[in-house]
Amino acid sequence: RERRGVAVGGRTGRARGRVTFGDGPDPRWTPEPLGVVQRNGAGATFVDTGLNASAHPDLVRAEIGVGNEVGDHTWSHPVLRTLPTSGVEAEIVKGAEVYIQQVNTAGGIRGQKIQIVARNDNFEVPKTVAAVKHLIEQANVLALMLVRGTPRNQPILPLLAQHKVALIAPST
């Protein structure tokens, strides 16, 4: 089920909308909303598939270039609940790799190239904690993504806070 809404924030109490566009970028459909957002000084979130982003990197750069957010909508946007766990992970990782490549081409984050480093915890909390501790202390990760399941997320939160490591897109 998809959730949609308007973010409310700031000290003024005014509601500010942020439009979300999914499944791009596509040269037939992306330029028009991108232009509208840019002309009106609005913000948008473009949630692109890796397949489309790899075919149209110029449009991804255009989405980012005017201050919008760009997110990963997996590689090909299948119905994830119909895939085995390994298929879900492959879709997410393959999609993320497109963005990692673009970040690295642009110089990385704070001058550092980034990469995906994976550890399998077999959904066992002690293995999750050990894997996260290893990734933080030995692999010097900047962020963690695809840590699945609330029981596995809770025990790692103190480690993340202590080492100032971001948790990107936890799933339950």
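Owing to the predicted nature of the structure, the values given are computational and were not obtained by experimental measurement.

J.: Just checking my understanding: could you explain the side chain of T49 for this structure?
T.: By the element assignment, T49 lies in the loop between β2 (44–48) and α2 (50–55). When near neighbours in sequence (up to four residues on either side) are disregarded, T49 contacts D23, G24, H73, T74, W75, H77 and Y99.

J.: Can you help me understand the pattern of salt bridges in this one?
T.: Should their charged atoms come close, side chains of opposite charge can pair. Scanning the entire structure with this criterion turns up two salt bridges. The residue D26 makes a salt bridge to R28 at a minimum N-O spacing of 2.6 Å. Classification of D26 as buried rests on a relative accessible area of 15%. Across the salt bridge formed by E124 and K127, the nearest N and O atoms sit 3.7 Å from each other. A relative accessible area of 36% means that E124 is categorised as partly exposed. K127 sits in the partly exposed class, given a relative accessible area of 38%.

J.: How should I be thinking about the pairing of strand β1 (residues 19–22) in this particular structure?
T.: Remember that side chains alternate between the two faces of the sheet whenever the strand is regular. Sheet topology note: the β1/β2 ladder contains four bridges and is parallel. Bridge pairing links T20 to T45 in β2. Between the parallel pair β1 and β2, the chain is carried across by helix α1 (residues 31–39), and the sense of this crossover is right-handed.

J.: What is the right way to look at helix α3 (residues 57–65) in this model?
T.: One turn of the α-helix equals 3.6 residues, which is why residues spaced by three or four share an orientation. Residues L59, V60 and E63 constitute the buried set of α3. Along α3, the residues classed as buried sweep out an arc of 105° about the axis, all on the same side. For α3, the exposed residues lying more than 90 degrees away from the buried face are R61 and G65. Those residues of α3 that are buried lie in contact with α1, β2, α2, β3 (69–72) and α4 (85–105).

J.: Help me out: how do you make sense of α4 in this one?
T.: With 21 residues, α4 extends 30 Å between its outermost C-alpha atoms, agreeing within 8% with the 30 Å of an ideal straight helix rising 1.5 Å per residue. Turning to α4, the residues buried within the fold contact β2, α2, α3, β3 and β4 (143–145). Positive backbone phi, approximately 110°, marks G107, located one or two places after α4.

J.: Even after reading the chapter, I still don't get the sheet that holds β1, so can you show me in this structure?
T.: As a general point, the strands of a sheet are linked pairwise by backbone hydrogen bonds and lie either parallel or antiparallel. The three strands are arranged β1-β2-β3 in an open sheet whose pairing can be described as parallel. Bordering the open sheet on either side are β1 and β3, each of which pairs with just one other strand. Between one strand axis and the next, the sheet turns by 20° as a mean value, whatever way the strands run. As defined by bridge partners, β2 adjoins β3 across four bridges and the pair is classed as parallel. Considered in β3, the bridge of F46 is made with V70.

J.: Looking at this structure, how should I read the environment of H163?
T.: Within the element layout of this structure, H163 appears in helix α7 (residues 157–163). Linking H163 and K133, residues 30 residues apart in sequence, is a C-alpha distance of 9.9 Å. Not counting residues up to four positions away in its chain, the partners in contact with H163 are I136 and E137.

Cut-offs and rules
Residues numbered from 1 in each chain as written. Predicted model: local features only at pLDDT ≥ 70, side-chain atom pairs only at ≥ 80, totals over all residues. Heavy atoms only, no water. Helix = DSSP H or I, 4+ residues; strand = E, 2+ residues; numbered from the N terminus. Contact = heavy atoms within 4.5 Å. Salt bridge = Lys/Arg side-chain N within 4 Å of Asp/Glu carboxyl O. Buried < 20%, exposed > 50% of the residue type's maximum accessible area, 1.4 Å probe, protein only. Pairing = 2+ DSSP bridges. Right-handed = clockwise from strand over helix to strand, strands pointing away. Arc of directions from axis to C-beta. Expected span 1.5 Å × (residues − 1). Axes fitted to C-alpha atoms, helices over the stretch in contact; angles between N-to-C directions.

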